[in-house]
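Coordinate inspection notes
Given next are the chains, with one letter for each unit.
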Amino acid sequence: GENVEQHPSTLSVQEGDSAVIKCTYSDSASNYFPWYKQELGKGPQLIIDIRSNVGEKKDQRIAVTLNKTAKHFSLHITETQPEDSAVYFCAASMGGYQKVTFGTGTKLQVIP
Amino acid sequence: GAGVSQSPSNKVTEKGKDVELRCDPISGHTALYWYRQSLGQGLEFLIYFQGNSAPDKSGLPSDRFSAERTGGSVSTLTIQRTQQEDSAVYLCASSFNNSPLHFGNGTRLTVT
């Protein structure tokens, strides 16, 4: 089955700096890569996703890049703000009705 | 529309007792997942239902854990003879045709 690795497990940045979280996946058949943000006491919420037919997607301060050859994808947050502090999860899926596999999570702390 | 609803939000039980956790997915979502999240940890996959197919139970940690989904909608996760190591947040998510997963806010289970 699919295996998703995520790094780093914790990340501290100064407010205004950028943050990058990286993930790798094992199954080349995976074609859908969502990112979730989990705030304290809540379930994870989707923040951005990318499909394998594109290499990059951007939404305001958040961007995701995908390298299918290397089987890795990354989340980039620019101009970080204290409200970006949360746990972030990457995930991979083979599409359709296939199971979604999550990474182990990154706890991001933005220091004011 | 309404999101994924989980009940109870908190459950305290004595070691050895059975517990039932409930998940109401978003109407029309054919896929339903259960995950376990121990304090400060990632998302541990438990079980996955997809339509009328046999569920993927590969993540259930022991035979004390079981889940069912009635009528393709509401799901119940049952833990028999609870142990202290079962203490965690149990998250439910639903989706349709590989759309992003929608998570509930979880049930926090404490076994004393």
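As a convention, each chain's residues are numbered from 1 in the sequence order in which they are written. By the order in which they are written, chains take letters starting at A while ligands take numbers starting at 1. Since the coordinates come from a predicted model, pLDDT governs what is reported: local features require at least 70, and pairs of side-chain atoms require 80 or more to be given and counted, while whole-chain, interface and lining totals use all residues. As a convention, hydrogens and water are excluded, and side-chain values are obtained from all of the structure's heavy atoms.

Some details on the interface of chain A and chain B
Two residues form a contact once any of their heavy atoms are found within 4.5 Å. Tallying the contact residues gives 21 residues for chain A and 22 residues for chain B. Once two parts are put together, the accessible area they lose, assessed with a 1.4 Å probe and summed over both, is termed the buried area. When chain A packs against chain B, close to 1,600 Å² is buried across both sides, 53% of that on carbon and sulfur atoms. A carboxyl oxygen of Asp or Glu within 4 Å of a side-chain nitrogen of Lys or Arg is what we treat as a salt bridge. Summed over the shared surface of chain A and chain B, the number is zero salt bridges. Distance and chemistry together define a polar contact, namely a pair of N or O atoms within 3.5 Å, with one atom able to donate a hydrogen and the other to accept it when in protein, and with adjacent residues in sequence counting only for side-chain atoms on both sides. Counting across the interface, chain A meets chain B through five residue pairs in polar contact (both at pLDDT 80 or more). Counting from the N terminus, the helices are DSSP H or I runs at least four residues long and the strands are E runs at least two residues long. Of all the elements in the fold, those that place two or more residues in the side of chain A that touches chain B are β4 (32-38) and β5 (45-51) of chain A. It is β5(A) that provides the largest number of residues to the side of chain A that touches chain B, a total of four residues. Gly is put with the polar residues, along with every residue not named as nonpolar or charged; the nonpolar set is Ala, Val, Leu, Ile, Met, Phe, Trp, Tyr, Cys and Pro, and the charged set is Asp, Glu, Lys and Arg. In the side of chain A that touches chain B, the residues fall into eight nonpolar, nine polar and four charged.

Here we look at the pattern of salt bridges
The full count for this structure, using the stated rule, is seven salt bridges over all chains. As a salt-bridge pair, A:Lys57 and A:Asp49 come within 2.9 Å of each other at their nearest N and O atoms. Among the ionic pairs, B:Arg22 bridges to B:Asp24, the shortest N-O distance being 2.8 Å. Working definition: with a 1.4 Å probe on protein chains only, accessible area under 20% of the residue-type maximum means buried, over 50% means exposed, and in between means partly exposed. For B:Arg22, a relative accessible area of 37% gives the class partly exposed. Assessed through its relative accessible area of 23%, B:Asp24 is described here as partly exposed.

A few points about the environment of B:Leu43
Here B:Leu43 lies in the loop between β4 (31-37) and β5 (44-50). Taking the C-alpha atoms as reference, B:Leu43 lies 14 Å from B:Ser58; in sequence the two are 15 residues apart.

Quick notes on the pairing of strand β8 (residues 88-95) of chain B
All names here are of chain B. Most of β8 is tucked away, with eight of its eight residues classed as buried. Covered by surrounding structure in β8 are Ala88, Tyr90, Cys92 and Ser94 together with Val89, Leu91, Ala93 and Ser95, the residues of both alternating faces. Sheet topology places β8 next to strand β10 (residues 107-111); three bridges connect them, and they run antiparallel. Along β10, the bridge assignment pairs Ala88 with Leu109. Relative to strand β9 (residues 102-103), β8 runs antiparallel, the two sharing two bridges. When the bridges of β9 are listed, Ser94 appears paired with His102. At least two DSSP bridges between two strands are needed for those strands to be called paired.

What about the sheet that holds strand β1 (residues 5-7) of chain B?
Residue and element names in this part refer to chain B. One open sheet accounts for four strands, arranged β1-β3-β7-β6; its pairing is antiparallel. Both edges of this open sheet fall to β1 and β6 (65-69), since each of them pairs with a single strand only. Taken pair by pair, the neighbouring strands of this sheet meet at an average axis angle of 15 degrees, ignoring direction. Examined bridge by bridge, strand β3 (residues 19-24) and strand β7 (residues 75-79) share five bridges and lie antiparallel to one another. Counterpart to Leu21 in the pairing with β7 is Leu77. Fitting a line to C-alpha atoms yields each axis, with helices limited to the stretch in contact; the angle taken between N-to-C directions then spans 0 to 180 degrees.

What to know about the sheet that holds strand β7 (residues 62-67) of chain A
Sheet strands pair by backbone hydrogen bonding; their relative direction is either parallel or antiparallel. Residues and elements named next belong to chain A. With antiparallel pairing, five strands are arranged side by side in an open sheet as β1-β3-β8-β7-β6. Looking at strand neighbours, the two that pair on one side only are β1 (4-7) and β6 (56-59), the edges of this open sheet. Each strand axis lies, on average, 15 degrees off the axis of its neighbour in the sheet, ignoring direction. Across four bridges, β1 lies against strand β3 (residues 19-25) in antiparallel orientation. Bridge assignment links Val4 to a residue of β3, and that residue is Tyr25.

What to know about the layout of surface pockets
Here a cavity denotes a set of grid points, spaced 1 Å apart and computed over the protein atoms alone, in which a 1.4 Å probe fits but from which it cannot get out, and a pocket denotes an open set meeting protein on both sides within 12 Å along at least five of seven lines; residues with an atom within 4 Å of a point are reported as lining. Grid points are joined across faces, edges and corners, and a volume is the space filled by probe spheres set on the points. Computed from the structure, the largest pocket encloses a volume of approximately 760 Å³. Along the walls of the largest pocket sit 33 residues, with A:Gln38, A:Leu40, A:Val87, B:Gln37 and B:Gly40 positioned nearest its centre. Residue assignment for the lining of the largest pocket shows that the elements contributing at least two residues are β9 (86-92) and β11 (106-111) of chain A together with β8 and β10 of chain B. Partitioned by chemical class, the residues of the lining of the largest pocket number ten nonpolar, 19 polar and four charged.

As far as function goes, none of this settles anything; it's purely spatial.
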